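Residue-level structure breakdown
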Amino acid sequence: MSALLDIKDLRVTFNTRYGEVTALDSVSLHVNEGETLGVVGESGCGKSITALATMGLIPSPPGRIAGGSIALNGEELTSASEARLRALRGAEIAMIFQEPMTSLNPVFTVGAQIAEAIMLHQKVSRDTAMKDAVALLDRVGIPSPAERARDYPHQLSGGMRQRVMIAMAVSCRPKVLIADEPTTALDVTVQAQIFDLLNEIQREFGAAIILITHDMGAISEMADRVAVMYAGRVIEEASADSVLDTPQHPYARGLIDCIPALGKGDTALKEIPGVVPPLHLLGAGCAFAARCAHANARCLSEKPLLANHGHHPSACHAVEEARI
Amino acid sequence: MSNQNDMSDYTAESPAREAWRMFRRNIPALVGVFILAAIILLTFYGQFFYTGDAFDVVWAPHERPGVTPEFPLGTDYLGRDLVAGLLTGGGATLAVGATAAMITMIIGITFGALAGFYGGWVDNLLMRITEFFQVLPALLFAMVLVTLFSPSLFTIAMAIGVVSWPQTARLTRAEFLKIKELEYVTAARAIGAKNKRIIWKVILPNAMPPLIVSATLTIGVAILFEAGLSFLGLGDPNVMSWGLMIGANREYILDAWWPVTFPGLAIFFTVFAVSLIGDGLNDAFNPKLRER
């Protein structure tokens, strides 16, 4: 079975004052119907760019898709017309943003905004769209939905706003739902509710979800498969259990070591030393080499490719050479 | 699946209502509204109570105010009633001001919105055109336009609009540059909205507060412009306006101060009221200034 959304060797570049910088380099991801793919990595790893590229929303200029393909249900998106992309956006492929505070338009009521989204893709009257909007608000667990539909975004709490965003995103029953750090701006109890809601929505609508996050807890709760990204590349990809239990790449190991655990006795929180290097300073070798305890001369000169070195695919010379 | 957090700020108001509440508490702005309302009522309804054609010669020239009960503000150099002039002339002045402000907004918002939204060569082209209009001496350019198209209320409003839109264009462009980067604009794209919809239905409503303020202040500027043009003899000679009254009587100002002073005061109070309202709107829409 071919994947619902299939990204192959995607390359996205940005023109910056340092010259052309490669933000995504041969990124391949796929997600099947009803499946949740977790995409993890630190800030600046290319997670959000992957999401925007999939939506066809790379700000251009300065960005552009320089190579590779994105296929939705077999339809190529990188060469699709803007009009075709518009028809797909919201209808077939929808997105939930990180900041529910800023991703709703402050001057319109939330009901009107959901109704807009419906009317963009379905030929229905405003009345019908408003009724659908209220039903959706009810569906995403907002109490007294008819009254809340008349509220402005700033009258709702962060959790409620994220529910509104989810209602808007699923209003046309998209096949793919991209959630870009949907809970980062919310407090922990609300995070759990939003994940529950996304799970319910997925069961009900059968949508594929791409969950972009840097929260390993979210991955363990939500994801079926995980892709770990670093500096614009996928460096490890496997089932969620596999990655969480036996991470291969030193970066993935580091990310999982960073999860604080109760009762382990460790006092200090672990961290991965250093930061993601600026993209224009990436050399010939592994982008993680400078932060890696296992790096050798080969790591500095040759880019490791994603390949199965025993357990599941990872892009690391040290794993390949069985040094770790 | 509800939590107490959800209902915490339930009593918050809509932005427009909050602005209105702020505006209502602003005494100078309310004074402005009161003065302007009084002037509008007088100019549009005053003629029903105080009949008399402003162009009719009804009495001896240069009658002092308060001498003859029928002409409480006296007469001008031809013996025309000043009260009739003020009441009739206000309509023309206000109409020209409002029309010119509207033209300014239409041209300015269109240029600014397209330039700010599309950026690149569109922005370059539109902003160079804007600068071309900006560097022309406004009054002179307006005079040329009015002379070219024979003075009438509409051509005067047109001329004022054409010379004063660059400010609005720049303001709109700045707002668009700021707002188009916000997440809800990306979110609007993500649900499949077209550029046209994003410009007019998503960004523009959010850019309106400073534009409303600017429009209000533009009315004041346009009224002064109209007065200036009429003063220079470029007003519509068939329509009484405050500027025309000042212009016609300016030569006799040393012998008779009143025919120029009263229309001057009328213009002053109108522009003053409009400015107070504009400042009040500015305070109401700008949360950072609210706590002053």
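Just so we're clear, the structure is a prediction, and the values are computed from it rather than from any experiment.

How each quantity is defined
Residues numbered from 1 in each chain as written. Chains lettered and ligands numbered in written order. Predicted model: local features only at pLDDT ≥ 70, side-chain atom pairs only at ≥ 80, totals over all residues. Heavy atoms only, no water. Helix = DSSP H or I, 4+ residues; strand = E, 2+ residues; numbered from the N terminus. Buried < 20%, exposed > 50% of the residue type's maximum accessible area, 1.4 Å probe, protein only. Contact = heavy atoms within 4.5 Å. Areas by Shrake-Rupley, 256 points an atom, 1.4 Å probe, with all protein chains shown as cover. Buried area = accessible area lost by both parts, 1.4 Å probe. Salt bridge = Lys/Arg side-chain N within 4 Å of Asp/Glu carboxyl O. Patch = residues over 30% accessible without salt bridge, like charges linked within 9 Å, V, L, I, M, F, W, Y side chains within 5 Å. Pairing = 2+ DSSP bridges. Polar contact = N/O pair within 3.5 Å; in protein donor to acceptor, adjacent residues only side chain to side chain. Phe/Tyr/Trp six-rings, centres within 6.5 Å; stacked < 30°, edge-to-face > 60°. Expected span 1.5 Å × (residues − 1). Axes fitted to C-alpha atoms, helices over the stretch in contact; angles between N-to-C directions. Left-handed = near helix turned anticlockwise from the far one by under 90°. Nonpolar A, V, L, I, M, F, W, Y, C, P; charged D, E, K, R; others polar. Parallel < 35°, antiparallel > 145°, perpendicular 65-115°, else oblique.

What follows is about the overall build of chain B. Of regular secondary structure, chain B possesses 10 helices and 0 strands. By residue count, 47% of the 292 residues in chain B fall in the buried class. In chain B, once contacts between residues fewer than 6 apart in sequence are set aside, the share between residues at least 24 apart is 70%. Accessible area for chain B stands at about 14,500 Å²; split by element, carbon and sulfur atoms hold 68% of it.

On the side of chain B, 26 residues touch chain A, which itself brings 39 residues to the contact. Taking both partners together, chain A and chain B bury about 2,800 Å²; carbon and sulfur atoms supply 58% of that area. Summed over the three residues of chain A that lose the most area to chain B, namely Arg86(A), Leu120(A) and Gln155(A), the buried surface amounts to 18% of that side. Joining chain A to chain B, the criterion identifies 1 salt bridge. Across the pair Arg197(B) and Glu116(A) runs a salt bridge whose closest N-O atoms are separated by 2.4 Å.

This part takes up the environment of Glu70(B). Residue and element names in this part refer to chain B. With respect to the element layout, Glu70 can be found in the loop between helix 2 (27-49) and helix 3 (82-118). The class of Glu70 is partly exposed, set by a relative accessible area of 48%. Sequence separation between Glu70 and Gln134 is 64 residues; the distance between their C-alpha atoms is 48 Å.

Right, let's talk about a nonpolar patch on the surface for a bit. Together, Ile40(B), Leu41(B), Phe44(B), Tyr45(B), Phe48(B) and Phe49(B) line one region of the surface with nonpolar side chains, adding up to about 730 Å² of accessible area. Of note, Leu41(B) is situated in helix 2.

The next thing to look at is the pairing of strand 3 (residues 36-40) of chain A. A regular strand places its side chains on the two faces of the sheet in alternate fashion. Residue and element names in this part refer to chain A. With 5 of its 5 residues buried, strand 3 lies for the most part within the structure. Residues of strand 3 alternate between two faces, with Thr36, Gly38 and Val40 on one and Leu37 and Val39 on the opposite face, all of them buried. Of the pairings in the sheet, the one linking strand 3 to strand 8 (residues 208-213) comprises 5 bridges and is parallel in character. Paired with Thr36 across the two strands is Ile209, which belongs to strand 8. Taken together, the 4 bridges between strand 3 and strand 9 (residues 225-230) define a ladder with parallel strand orientation. Looking at the pairing, Val39 lines up with Ala227 of strand 9.

Further remarks concern the side chain of Thr270(B). Residues and elements named next belong to chain B. Within the element layout of this structure, Thr270 appears in helix 10 (residues 258-285). A polar contact of 2.6 Å, which involves the side chain of Thr270, links it to the backbone oxygen of Ala266. When near neighbours in sequence (up to four residues on either side) are disregarded, Thr270 contacts Leu36, Ile39, Leu94, Ile223 and Trp242.

The next point concerns the packing of aromatic side chains. Residue and element names in this part refer to chain A. The full count for this structure, using the stated rule, is 14 aromatic pairs over all chains. Here the aromatic rings of Tyr251 and Phe288 are separated by 5.2 Å at their centres, their planes lie at 65 degrees, and the arrangement is edge-to-face. Of this pair, Tyr251 sits in helix 10 (residues 250-257) while Phe288 sits in the loop between helix 10 and helix 11 (297-301), placing them 37 residues apart in sequence. With respect to burial, Tyr251 and Phe288 carry one shared label: buried.

This brings us to helix 6 (residues 158-169) of chain A. Residue and element names in this part refer to chain A. The end-to-end C-alpha separation of helix 6 is 16 Å, in line with the 16 Å expected for 12 residues at 1.5 Å each. Counting buried positions along helix 6 gives 12 out of 12 residues, so the element sits mostly inside the fold. Taken residue by residue, helix 6 has Gly158, Gly159, Met160, Arg161, Gln162, Arg163, Val164, Met165, Ile166, Ala167, Met168 and Ala169 as its buried positions.

Another point: the pattern of salt bridges. Applying the stated criterion across every chain, the model contains 23 salt bridges over all chains. For Glu82(A), the salt bridge identified is with Arg89(A), shortest N-O distance 3.4 Å. Its salt-bridge partner being Arg80(B), residue Asp76(B) comes within 3.0 Å of it at the nearest N-O pair. Classification of Arg80(B) as buried rests on a relative accessible area of 12%. The network of salt bridges with common partners includes Arg298(A), Glu302(A), Glu320(A) and Glu321(A).

Residue and element names in this part refer to chain A. In this fold, Gln202 is placed in helix 7 (residues 188-205). In terms of polar contacts, Gln202 uses its side chain to reach the backbone carbonyl oxygen of Gly34, at 3.3 Å. Beyond its immediate sequence surroundings of up to four residues, Gln202 is in contact with Gly34, Glu35, Thr36, Ala207, Ala208 and Ile209.

The description of two packed helices rests on the angle between their axes and on the distance between the axes. Residue and element names in this part refer to chain B. For the pair helix 8 (residues 195-231) and helix 9 (residues 242-249), the least separation of the axes is 7 Å and the interaxial angle reads 35 degrees. Like other packed secondary-structure pairs, helix 8 and helix 9 cross with a definite hand, here right-handed. Together, Glu226, Ala227, Ser230 and Phe231 of helix 8 and Gly243, Leu244, Ile246 and Gly247 of helix 9 make up the contact between the two elements. Classifying every residue of the contact of helix 8 with helix 9 by side-chain character gives 4 nonpolar, 3 polar and 1 charged.

All names here are of chain A. Look at Arg173: it is not a glycine, yet its phi comes out positive at around 50 degrees. Secondary-structure assignment places Arg173 in the loop between helix 6 and strand 7 (176-180). Judged by its relative accessible area of 53%, Arg173 falls in the exposed class. Its identity is not glycine, yet Ala231 carries a phi of approximately 50 degrees, on the positive side. Residue classification places Ala231 among the buried positions, given a relative accessible area of 4%.

What follows is about the packing of helix 6 of chain A against helix 7 of chain A. Residue and element names in this part refer to chain A. Look at helix 6 against helix 7: their axes get within 10 Å of each other, and the N-to-C directions meet at 15 degrees. Taken together, the axes of helix 6 and helix 7 lie roughly parallel to each other. Between helix 6 and helix 7 lies a crossing of right-handed hand. The residues of helix 7 that touch helix 6, namely those facing Gly159, Gln162, Arg163 and Ile166, are Val190, Gln193, Ile194, Leu197, Leu198 and Ile201. Class assignment of the residues belonging to the contact of helix 6 with helix 7 gives a composition of 6 nonpolar, 3 polar and 1 charged.

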